[in-house]
Amino acid sequence: MPLDIHAIRAEFPALAKRVNGEPLVYLDNAATTQVPQSVLNAMREFEEGGRANVHRSMHMLAERASVAYEDARRTVQKFLNAAYPHEIIFTKNCTEGVNLVARSLGETMQEGDTVLLSYLEHHSNIVPWLQLKERKGITVEWMEVDGAGHIDLEHYGKLLSEEKVKLVAITGQSNVLGARPPLEAMIRDAHAHGARVLVDGAQLAAHHQIDVRKLDCDFLTFSGHKVYGPTGIGVLYGKREILETMPPFLGGGMMIHEVNEDGFSAGDIPEKFEAGTPPITQAIGMGAAMEWLEQFPWENIEAHEQALLAQALQALTRLDGITIFGPVDPIERSACISFTLEGIHPHDFTETLGKRGICLRAGHHCAQPLHRKLGLTATVRLSLGIYNTREELHVAAWEQAIAALRGL
Ligand SMILES: Cc1ncc(COP(=O)(O)O)c(C=O)c1O
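Residues numbered from 1 in each chain as written. Predicted model: local features only at pLDDT ≥ 70, side-chain atom pairs only at ≥ 80, totals over all residues.

Enquirer: I tried to follow helix 5 (residues 127-136) on my own but got confused; where do I start?
Expert: Along an α-helix, residues three or four positions apart point the same way, because every turn accommodates 3.6 residues. Residues of helix 5 that are buried include every one of Pro128, Trp129 and Leu132, and no others. Looking straight down helix 5, one finds its buried side chains confined to an arc of 95 degrees; they lie on one side. (Buried ≥ 20, exposed ≤ 12 C-beta atoms within 10 Å, placed from the backbone. Helix = DSSP H or I, 4+ residues; strand = E, 2+ residues; numbered from the N terminus. Arc of directions from axis to C-beta.)

Enquirer: In this structure, what is going on with the site of the ligand? I would like to understand it.
Expert: Inspection of the region around the ligand gives 13 residues, with Asn93, Thr95, Asn175, Ala202 and Ser223 positioned closest. When grouped by side-chain class, the residues that make up the shell around the ligand number three nonpolar, nine polar and one charged. (Near = placed C-beta within 6 Å. Nonpolar A, V, L, I, M, F, W, Y, C, P; charged D, E, K, R; others polar.)

Enquirer: Teacher, can you tell me more about the packing of helix 12 (residues 346-354) against helix 14 (residues 396-405) here?
Expert: To describe two helices that pack against each other, one gives the angle between their axes and the distance between the axes. Two elements in contact, helix 12 and helix 14, have axes separated by 10 Å at closest approach and are oriented at 125 degrees. As the angle between them shows, helix 12 and helix 14 are arranged oblique. In the crossing of helix 12 with helix 14, the sense of the turn from one axis to the other is right-handed. From helix 12, Asp348, Phe349, Thr352 and Leu353 reach across to helix 14, where they touch Ala397, Trp398, Ala401, Ala404 and Leu405. Classifying every residue of the contact of helix 12 with helix 14 by side-chain character gives seven nonpolar, one polar and one charged. (Axes fitted to C-alpha atoms, helices over the stretch in contact; angles between N-to-C directions. Parallel < 35°, antiparallel > 145°, perpendicular 65-115°, else oblique. Left-handed = near helix turned anticlockwise from the far one by under 90°. Contact = placed C-beta atoms within 7 Å.)

Enquirer: Just checking my understanding: could you explain the pairing of strand 6 (residues 139-143) for this structure?
Expert: Consecutive side chains along a regular strand alternate between the two faces of the sheet. Relative to strand 6, strand 5 (residues 114-118) runs parallel, the two being bridged by five bridges. In the sheet register, Thr114 faces strand 6, and the bridge partner there is Thr139. (Pairing = 2+ DSSP bridges.)

Enquirer: Help me out: how do you make sense of the nonpolar core in this one?
Expert: When a protein is soluble and globular, its nonpolar side chains tend to lie buried together. Counting residues in hydrophobic clusters, the biggest one holds 88 residues, and the most contacted among them are Val168, Val197, Val199, Tyr237 and Ile284. A per-element tally of this core places helix 10 (residues 280-294) first, with eight residues. Counting residues in each nonpolar core, the second largest holds 24 residues, with Cys336, Ile358, Leu360 and Leu382 among its members. (Core = buried A, V, L, I, M, F, W, Y, C linked by C-beta atoms within 7 Å.)

Enquirer: Where do I start with the pairing of strand 8 (residues 196-200) in this structure?
Expert: Across the five residues that make up strand 8, a large majority, five, are buried. Where burial is concerned, the two faces of strand 8 agree: the one with Arg196, Leu198 and Asp200 and the one with Val197 and Val199 are both buried. Since strand 7 (residues 165-171) and strand 8 lie parallel, the crossover through helix 7 (residues 183-192) that links them has a hand, and here it is right-handed. In this structure, strand 8 lies alongside strand 9 (residues 219-223), joined through three bridges in parallel fashion. Paired with Asp200 across the two strands is Thr221, which belongs to strand 9. (Right-handed = clockwise from strand over helix to strand, strands pointing away.)

Dropping the structure here:
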């Protein structure tokens, strides 16, 4: 059974909005998605039912909060097919997940150790490693990519064979080109050379099934707000045996086993990495979002988004003066298309369409090394979600905007 997109749309209150009398066309899902009613309800029910902090007090509200929070952790565990619930650490977002690994595992690295990145990376999976380079004198190396977003695997193999790579930090899906690196093979190669692998799953999580055991990645991180969940919550998955050996990231309440005047001993995972009051309501919302998304078979989500992508590529190709970046074959790309229009600044184009309720993003999309590699400073990005329709991809308004901006 294909997805009933109109029924799905009806679950998202924000999609009913109109902008200047025109229906909202939300095509900025790579930045953040909208939220279904069931997620809003789950968070509201928790707050209205009397909230409490988790793992602290003994009263009935505290018990309810702790159960709901740990249930959310188990839901995420199932979503990722992780082996244990305590391999799931709640963070603020994907960015914090990368920072946690860079700060904690990074402490065990030293001068001469290499962290390997690709040119596809978002700044969230670049800057924490450049900070580690400043702090510990590690080396950061870059895997080459071509204009279609393919990683040069020969170059990757060569870098690994130097036996200095301690960690490969790689995106599961580019937020600019929509390209998806061959994760399984790359992880196998990294492990064969003794390197660990962190997958930035920020863009992957809403569009393709993630099975961390099948991937065999050591870490994977993503944000709730890009998978139809709330802001302020993210997840870091880590293999139990690695997380257990890592020092804590932030210090504070609940992450300790014992504290005295001179020092402390760290608690067990996951608490060791969840200092202070966690984002409890948001974690509950995140669990509800995973449950919401999992009601749809992944093949159906992929088929729907793939058909939209093919249609969008076809329509965009006809626009005068357009250059589309990334894989040419729609099969090789997921959920987003970045492009430029001759003689039109991306910001002017998105601002003009924004006034008509069409939401796109313009800029470097927090991927400056990739933009520089492609000889660009900014692109326009269209990014899809489960609720987008074929009608939303009609480009008549786009053609009018182009003509107006070119003064035709
Ligand atoms: C590939 C990728 N990684 C990481 C991030 C960072 O996500 P967040 O800002 O939610 O931490 C983004 C956000 O756009 C992204 O696209």
